[in-house]
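# Examining the three-dimensional arrangement
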Amino acid sequence: MTKKRKPKPEVSADIRQRRAERRELISRGLEVNIDPRTEEITGIWRPDCFNMLLKGHPDEKNAVDWLEMLIRTASGENTRERRPDFIRSSCEGAPGQNVSNDMIEASRQLQVVQESLPPSDARMLFDLLKPDAALITRWRDVVQRCTRETNPSAQGARVRAACGHLAWVRQNIDRLQRERKERRVAA
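Presented here is a report on the structure given in the accompanying data block.

Conventions used here
Residues numbered from 1 in each chain as written. Predicted model: local features only at pLDDT ≥ 70, side-chain atom pairs only at ≥ 80, totals over all residues. Heavy atoms only, no water. Salt bridge = Lys/Arg side-chain N within 4 Å of Asp/Glu carboxyl O. Helix = DSSP H or I, 4+ residues; strand = E, 2+ residues; numbered from the N terminus. Buried < 20%, exposed > 50% of the residue type's maximum accessible area, 1.4 Å probe, protein only. Core = buried A, V, L, I, M, F, W, Y, C linked by side-chain atoms within 4.5 Å. Contact = heavy atoms within 4.5 Å. Lys, Arg positive; Asp, Glu negative; His and termini not counted.

## What to know about the pattern of salt bridges
The final tally for this structure, using the stated rule, is 10 salt bridges. The partner of aspartate 127 in a salt bridge is lysine 130, with the nearest N and O atoms 3.4 Å apart. Notably, a salt bridge pairs glutamate 179 with arginine 175, separated by 2.9 Å at the nearest N-O pair. Residue glutamate 179 and its partner arginine 175 are located together in helix α8 (residues 173-186), separated by 4 residues, close to a single helical turn. When its relative accessible area of 31% is taken as the criterion, glutamate 179 is described as partly exposed. The network of salt bridges with common partners includes Glu115, Arg180 and Arg183.

Written out as structure tokens, the structure is:
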């Protein structure tokens, strides 16, 4: 039988501080990963309905992440133009309007996504991807507002079905864009 060693006083104070920090983060509704040996925080994330409902469905989860990236790119949130040191005149796109080719292409893809999804699914997914709307405490209200579904079991199924439709759109986005372009030329 081995004896347990008492930790050094300065180490235990450090661990107490880490535990207090972890308790504070958890009280704010955040999920926390820790290193079990040192109790150091290794990851923090805000739990949302997509993490909860799409466990075991990586294609659907990747499609939601893709849609969020498209929305951020189309609005210019994650482009290089947002850097303060970027010289705006060196950007390709609409000069003087801070619109890049990446933003234009992302907005075209968003149009195809909106046209390809059922309207209630598109509205629900776009609303859930607004900041903090997909949190565990708020997502059911968004689903009820967009789909008029009040049954809690059916609300989760509606989100999973919409994510399944989105995964199909993501897999076929090139063909859908080509067909949209052909329809516009023919019109």
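## Considering the nonpolar core
In terms of nonpolar packing, the biggest core is built from 34 residues, with Phe50, Leu67, Val113, Leu125, Leu128, Val159 and Leu166 touching the most fellow members. Taken together, the elements giving at least two residues each to this core come down to α2 (49-53), α3 (58-75), α4 (101-116), α5 (119-128), α6 (139-147), α7 (152-171) and α8. Looking at this core, the element that brings in the most residues is α7, giving 6 residues. Once residues within four sequence positions are removed from consideration, leucine 125 is found in contact with Phe50, Leu67, Leu117, Ala162, Cys163 and Leu166.

## Here's the deal with unusual backbone geometry
For glutamate 39, which is not glycine, the phi dihedral falls at a positive 60 degrees. Residue placement: glutamate 39 occurs in the loop between β1 (31-34) and β2 (41-45).

## Thoughts on the side chain of aspartate 121
Mapped onto the elements of the fold, aspartate 121 is located in helix α5. Within the buried core, aspartate 121 has no salt-bridge partner, and the shortest N-O distance to an opposite charge, that of arginine 158, equals 4.1 Å.

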